[in-house]
Protein chains: 4
Amino acid sequence: MKQSVIKYLLSVRKRLYIIIFETDTRVGRLFDIILLWAILLSVFGVMLESVKEIKQPYGTFLLMAEWAFTILFTIEYLLRLFISRSPGKYAFSFLGIIDLLALLPSYITLFVSGGSYLIVIRSIRLLRVFRILKLGRYLREASVLTDALTASRHKILVFLGAVTTLVLITGTLMYMIEGSGGGFTSIPRSIYWAIVTVTTVGYGDIAPQTIIGQITASILMLMGYAIIAVPTGIVTSEIVNAEKGKIKEENQIICSSCELNAHDPDAKFCKSCGNKLS
Amino acid sequence: MKQSVIKYLLSVRKRLYIIIFETDTRVGRLFDIILLWAILLSVFGVMLESVKEIKQPYGTFLLMAEWAFTILFTIEYLLRLFISRSPGKYAFSFLGIIDLLALLPSYITLFVSGGSYLIVIRSIRLLRVFRILKLGRYLREASVLTDALTASRHKILVFLGAVTTLVLITGTLMYMIEGSGGGFTSIPRSIYWAIVTVTTVGYGDIAPQTIIGQITASILMLMGYAIIAVPTGIVTSEIVNAEKGKIKEENQIICSSCELNAHDPDAKFCKSCGNKLS
Amino acid sequence: MKQSVIKYLLSVRKRLYIIIFETDTRVGRLFDIILLWAILLSVFGVMLESVKEIKQPYGTFLLMAEWAFTILFTIEYLLRLFISRSPGKYAFSFLGIIDLLALLPSYITLFVSGGSYLIVIRSIRLLRVFRILKLGRYLREASVLTDALTASRHKILVFLGAVTTLVLITGTLMYMIEGSGGGFTSIPRSIYWAIVTVTTVGYGDIAPQTIIGQITASILMLMGYAIIAVPTGIVTSEIVNAEKGKIKEENQIICSSCELNAHDPDAKFCKSCGNKLS
Amino acid sequence: MKQSVIKYLLSVRKRLYIIIFETDTRVGRLFDIILLWAILLSVFGVMLESVKEIKQPYGTFLLMAEWAFTILFTIEYLLRLFISRSPGKYAFSFLGIIDLLALLPSYITLFVSGGSYLIVIRSIRLLRVFRILKLGRYLREASVLTDALTASRHKILVFLGAVTTLVLITGTLMYMIEGSGGGFTSIPRSIYWAIVTVTTVGYGDIAPQTIIGQITASILMLMGYAIIAVPTGIVTSEIVNAEKGKIKEENQIICSSCELNAHDPDAKFCKSCGNKLS
């Protein structure tokens, strides 16, 4: 009898595995959709709680919702942990740690009492916002974009390196030029200003006051305005290439002799075996 | 005799239909142009009315213009309603409801009197600005742009989803880092700041004050500065493809000898085998 | 003898015509370079005059430079007028009127005296900055850019029309949402804010205060951030096409039979007469 | 014996030359990596020194690190100077002068004492930030970007010239329109505002107050928003061409039978005539 219980539990585990980790079955898809909405709603709840005007009248309702989501996510966390084929790998992955950190504070508040500690512990719950990254796998179309970004990541890093150098030099120069007028009180702060300027954000909390400072800033702005063209050019070039590669793949002139299928649209002979293409 | 009146009315209706809904006849085009200017002028009038310095001296003139346009648009609305082949469809369409809402307030003010109610009712007239969308159909060249945007709408949605996630996470992190200093008083407000920053708008009404906050903001700015390349790349790629597709489509000259089909539009002989093209 | 004087004057006129209107001779080029520097220096002088800190100590020097340039430009203006083959055309062209307006104030100040009138007259001199447009013809490389912009001007106009509509609607909506809080005191002012926001300039002098206003503004910002891709895509597509056209032109496989030279790089037979290409 | 010393010294010089100027040997690479980190750390140290909150408690430590780096860079400078084949060329190059200027202040502070002079001298050390440009040669991937930028530098200069003209004219017009309201106190300042606006930075320290000024500013913003497309188009076009050129260059497989040369890199048979490619 004991054996049949184990067998039953194993079959339950197997079925749960399919529901939680796979999306091909109807129940698996339903589980995913419920989880997706639960994550979105719980993130939305935490956000609303930070608004004083909402927390005061609806505090009790938000607390109840909080506990409902905590229990739901606890069940999900335990299921993932015990049913996964490699529980350790999940537990110590980035999302696994986030999942745990998003749960613990609610439970700790049951045992600990007292103002300031509680606030620190509760604020950890805000890390829950990272769980939104889980939604990423629902998007299949993202692959073209991430492929293009991956292909051009070296060039983008070089570009960011060039921007960083520009910002370090301009920041230091502006600190020398402006003195502490206009908010350029230290080099790191001047570099912060240079980043705000070169990216064309321009808060205006720090702004050059001297003539030479304004001329330097003008040059930085024009450079920032022009060099935005560089990452755009890189990514555009990669996306155009990625689309072309896809077209070739979809083109599907298959060689009847060697079954190669990546032929140019105007090819008359197979480029691999020399066989005539129909 | 009654029959001939009906016949006459039907022929009037038919002629009006051609004037209002078609743009091929001279009178139809004239009707469109007058309507176009009337919409632009009435929108301009409502805008001027909101400026105190203009309303005081020219108030009476604006009121008269208001009534002139109201009567003109009432006639247009009734004509569209009674002449259209499916009046219900027009009446409950977005532009139909806007047309009605743009007319009603002027008539209601005749019967209702008394300060605060009147202001609310009159402000509904501002919705008239949506009527400007009617001008859209006068632009034929817009189709290339809308085609490119339609073709890349999935990728742009994925991109906007990625930006939203980035903004949610950065907003929450900044609320944790900055406390309520510098205006980060709630998570929604912090997210608002993150949107203002990542889109490089940068009002400066909310700005990070702590060192860690400024470092986080700097990273967000550089990311915002670099990821603008993604939608640009997507749309550019689509427009280049759309133009190519158009050229290819217009250009189906196939060589009867070697079956090559990539000929220039002005080609008379096959560039590959020298055969005469038909 | 009189005849020989006329003949001499005509030959002088012809020589001056070559110097002023043509750039192929050495003297003509020298004239152009001197004029170019004179324009730049006179514009620079007018700019410095507007800075109080510079005008007080160096006022006399600036006045002398002013008169030197005025006399130089007067000579140039008269020469252009009397030597040109169609003086009227030049006199009433945009640059001709600017040239005259840039000269008159200096002479008027000799006859008129008295504070406020003088300031108005002198400020007309500032229009001299438009003379900088004359430098445009020295740039040959500008043609690729202006060609691309000319080719895509219809699409860019459609794009600007779409942005204008977006800005009109958002501005009106924000006026309704924000009331007069945060500086949205009239619809034109709200539209000004919408332009500042959608172009990602973001001065911060007007900023939404209400939650709904901030949500609307966030949507506008994200749209502004994404639709920048549209003009970029249009212009990029045109420049890529312009370059391709140039490559074909430079490709220079010339048919020995009909002398056509716009062949594709892989063409073996002339597309116009079917002759074999070498 | 003397000869052998000279011979020994020459061989040391040769070995040092390889270590310092070449990166192919293991020791040469190690030297480069140590130098790279020393530059980054010394720049970081100078930056931290400018922050009052850090200088007070850690001042002594920063001074010690300062001297350690000064001695290290002195050794590097002397080695470069005496081992280089053309010492004069290095000494008077931009980076050579920066290297010297970055060292001198530390030594001068040993002999000179007294407040204000010291500060000026010490601030020269900040030029050390330019040494970061030395890191450039470690990046091989940068060549594609710099190639694209070099190829399009003429067009970018024309573009910057057009932007400069736009900014000069708009700045002058705004000075005439706004008077000294809203901070448009002089033409150079108005031009500074125009640059801040056209590049979409938008600090908000200077903003138009009059209706006409706001309309002019709106037009400038829309132009700035649209013309960003031009440099982007230029650079994108160049990068796409550079990539294509690279592919074509790497790909000179010519069919010996039909002389087609547009084969894929993995092609074994001619796609047009089926002939075997060598």
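Residues numbered from 1 in each chain as written. Chains lettered and ligands numbered in written order. Predicted model: local features only at pLDDT ≥ 70, side-chain atom pairs only at ≥ 80, totals over all residues. Heavy atoms only, no water.

**Q** Mind showing me how you'd approach the overall build of chain A here?
**A** Looking only at helices and strands, chain A features eleven helices and zero strands. Going from the N terminus to the C terminus, chain A shows its helices and strands as α-α-α-α-α-α-α-α-α-α-α. Sorting the 278 residues of chain A into buried and exposed places 45% on the buried side. For chain A, the proportion of contacts with a sequence separation of at least 24, taken over those separated by at least 6, is 52%. Accessible surface computed for chain A: about 14900 Å², of which carbon and sulfur atoms make up 68%. (Helix = DSSP H or I, 4+ residues; strand = E, 2+ residues; numbered from the N terminus. Buried < 20%, exposed > 50% of the residue type's maximum accessible area, 1.4 Å probe, protein only. Contact = heavy atoms within 4.5 Å. Areas by Shrake-Rupley, 256 points an atom, 1.4 Å probe, with all protein chains shown as cover.)

**Q** What's the story with the pattern of salt bridges in this structure? I'm lost.
**A** Pairs may arise between side chains of opposite charge once their charged atoms sit close together. All names here are of chain C. Taken as a whole and judged by the stated rule, the model has four salt bridges over all chains. Note that R80 and E76 form a salt bridge whose closest N and O atoms lie 2.6 Å from each other. Pair noted here: R80 and E76 are both in helix α3 (residues 52-83), with a separation of four residues, about one helical turn. In terms of burial, R80 and E76 fall into one category: buried. (Salt bridge = Lys/Arg side-chain N within 4 Å of Asp/Glu carboxyl O.)

**Q** Help me understand helix α5 (residues 94-111) of chain C in this model?
**A** Along an α-helix, residues three or four positions apart point the same way, because every turn accommodates 3.6 residues. Residue and element names in this part refer to chain C. With 18 residues, α5 should reach 26 Å at 1.5 Å per residue; the first-to-last C-alpha distance of 27 Å fits that figure. Its axis deflected by about 25 degrees at L104, α5 carries its strongest bend there, up to four residues before the proline P105. Burial in α5 covers these residues: G96, I98, D99, A102, L103, P105, S106 and T109. Where α5 begins, one side-chain oxygen reaches toward the backbone nitrogen of G96, 3.1 Å away; that side chain belongs to S93. (Expected span 1.5 Å × (residues − 1). Bend = angle between axes of the 7 residues up to and from the residue. Polar contact = N/O pair within 3.5 Å; in protein donor to acceptor, adjacent residues only side chain to side chain.)

**Q** It is not clear to me how the nonpolar core should be interpreted in this structure. Could you clarify?
**A** A general trend in soluble globular proteins is that nonpolar side chains are found buried together. By size, the foremost hydrophobic cluster in this structure holds 192 residues, and its most contacted members are W193(A), W193(B), W193(C) and W193(D). Apart from the residues within four sequence positions on either side, W193(A) is in contact with M174(A), F184(A), I206(A), A207(A), P208(A), A217(A), L220(A) and Y203(D). (Core = buried A, V, L, I, M, F, W, Y, C linked by side-chain atoms within 4.5 Å.)

**Q** Got a minute to help me understand helix α2 (residues 26-49) of chain A in this structure?
**A** Here α2(A) spans 35 Å end to end across 24 residues, near enough to the 34 Å set by a 1.5 Å rise per residue. Listed in full, the buried residues belonging to α2(A) are G28(A), F31(A), D32(A), L35(A), A38(A), I39(A), S42(A), V43(A), G45(A), V46(A), M47(A) and E49(A).

**Q** How do you make sense of the confidence of the model for chain A when you look at a structure like this?
**A** Residues and elements named next belong to chain A. Residue-level pLDDT values for chain A average 77, and 74% of them are 70 or greater. By mean pLDDT, helix α6 (residues 115-124) is the weakest element of chain A at 59, and helix α9 (residues 187-198) is the strongest at 91. Confidence estimates for the predicted assembly give a pTM of 0.80 and an ipTM of 0.77. (pLDDT = per-residue confidence, 0-100.)

**Q** Even after reading the chapter, I still don't get a nonpolar patch on the surface, so can you show me in this structure?
**A** Residues and elements named next belong to chain D. Side chains of M176, I177, I211, I212, I215, I219 and M223 sit close together on the surface and give an oily, nonpolar patch of about 630 Å² of accessible area. Those elements that place two or more of their residues in the nonpolar patch are α8 (153-178) and α10 (211-227). Of all the elements, α10 adds the most residues to the nonpolar patch, at five residues. Relative to the assigned elements, I211 resides in helix α10. Note on I211: relative accessible area 57%, which makes it exposed. (Patch = residues over 30% accessible without salt bridge, like charges linked within 9 Å, V, L, I, M, F, W, Y side chains within 5 Å.)

**Q** Quick question: what am I supposed to make of the side chain of Q214(A) here?
**A** Tracing the sequence through the fold places Q214(A) in helix α10 (residues 211-227). Of note is the side chain of Q214(A), whose polar atom sits 3.3 Å from the backbone oxygen of P208(A).

**Q** It is not clear to me how the packing of aromatic side chains should be interpreted in this structure. Could you clarify?
**A** For any pair of aromatic rings, geometry is given as the distance between the ring centres together with the angle between the planes. Inspection of every chain in the model, using the stated rule, returns 20 aromatic pairs over all chains. With 5.6 Å between their ring centres and 75 degrees between their planes, W67(C) and Y107(C) make a pair best called edge-to-face. In this pair, W67(C) is assigned in helix α3 and Y107(C) in helix α5, connecting sequence segments 40 residues apart. For W67(C), a relative accessible area of 24% puts it in the partly exposed group. Each ring, one from Y77(D) and one from Y90(D), has its centre 5.9 Å from the other, and the planes form 50 degrees; the classification is tilted. Placement of the pair is Y77(D) in helix α3 (residues 52-83) and Y90(D) in helix α4 (residues 87-91), with a sequence separation of 13 residues. Each member of the pair, Y77(D) as well as Y90(D), carries the same accessibility label: buried. (Phe/Tyr/Trp six-rings, centres within 6.5 Å; stacked < 30°, edge-to-face > 60°.)

**Q** Where do I start with unusual backbone geometry in this structure?
**A** Backbone geometry follows two general trends: most residues other than glycine have a negative phi, and most peptide bonds adopt the trans configuration. For T200(B), which is not a glycine, the phi torsion comes out positive at approximately 60 degrees. A residue is classified by how much of its surface remains accessible, and T200(B), at 7% relative accessible area, is buried.

**Q** Help me understand the packing of helix α9 (residues 187-198) of chain B against helix α10 (residues 211-227) of chain B in this model?
**A** In a pair of packed helices, the angle between the axes and the distance between the axes together describe the arrangement. Residue and element names in this part refer to chain B. One way to put it is that α9 packs onto α10 with a least axis distance of 8 Å and a crossing angle of 45 degrees. When the axis of α9 is compared with that of α10, the two are oblique. Facing α9, whose interface residues are W193, A194, T197 and V198, α10 presents A217, L220, M221 and G224. Residue composition of the contact of α9 with α10, by class: six nonpolar, two polar and no charged. (Axes fitted to C-alpha atoms, helices over the stretch in contact; angles between N-to-C directions. Parallel < 35°, antiparallel > 145°, perpendicular 65-115°, else oblique. Nonpolar A, V, L, I, M, F, W, Y, C, P; charged D, E, K, R; others polar.)

**Q** What's the story with the environment of F73(B) in this structure? I'm lost.
**A** Assignment of secondary structure puts F73(B) in helix α3 (residues 52-83). When the C-alpha atoms of F73(B) and S50(B) are compared, they prove to be 21 Å apart, with 23 residues separating the residues in sequence.

**Q** Is there a simple way to think about the environment of M176(D) in this case?
**A** All names here are of chain D. Within the fold, M176 resides in helix α8. A residue is classified by how much of its surface remains accessible, and M176, at 32% relative accessible area, is partly exposed. Taking C-alpha positions, M176 is 8.9 Å from I187, a pair spaced eleven residues apart along the chain.

**Q** Is there a simple way to think about the packing of helix α8 (residues 153-178) of chain B against α9(B) in this case?
**A** All names here are of chain B. Remark: α8 packs on α9, axes separated minimally by 8 Å, with the N-to-C direction vectors making an angle of 125 degrees. Comparing their axes, α9 and α8 come out oblique. Where α8 crosses over α9, the handedness of that crossing is right-handed. Residues V163, L166, V167, L168, G171, T172, M174 and Y175 of α8 form the contact with α9, whose own contacting residues are I187, S190, I191, W193, A194, I195 and V198. Here the residues of the contact of α8 with α9 are counted per class, giving twelve nonpolar, three polar and no charged. (Left-handed = near helix turned anticlockwise from the far one by under 90°.)

**Q** What is the right way to look at the environment of M223(D) in this model?
**A** With respect to the helices and strands, M223(D) occurs in helix α10. Residues M223(D) and V163(D) lie 60 residues apart in sequence; the distance between their C-alpha atoms is 10.0 Å.

**Q** Teacher, can you tell me more about empty space enclosed by the protein here?
**A** Gaps left between atoms are located by rolling a probe of water-molecule size over the structure's atoms. The tally for this structure, following the rule as stated, stands at eight cavities of 30 Å³ or more. Space inside the largest cavity adds up to approximately 290 Å³. Lining the largest cavity are 23 residues, with T200(A), I228(A), I228(B), I228(C) and I228(D) positioned closest to its centre. (1 Å grid on protein atoms, 1.4 Å probe; cavity = no way out; pocket = protein on both sides within 12 Å on 5 of 7 lines; lining within 4 Å. Points joined across faces, edges and corners; volume = space filled by probe spheres on them.)

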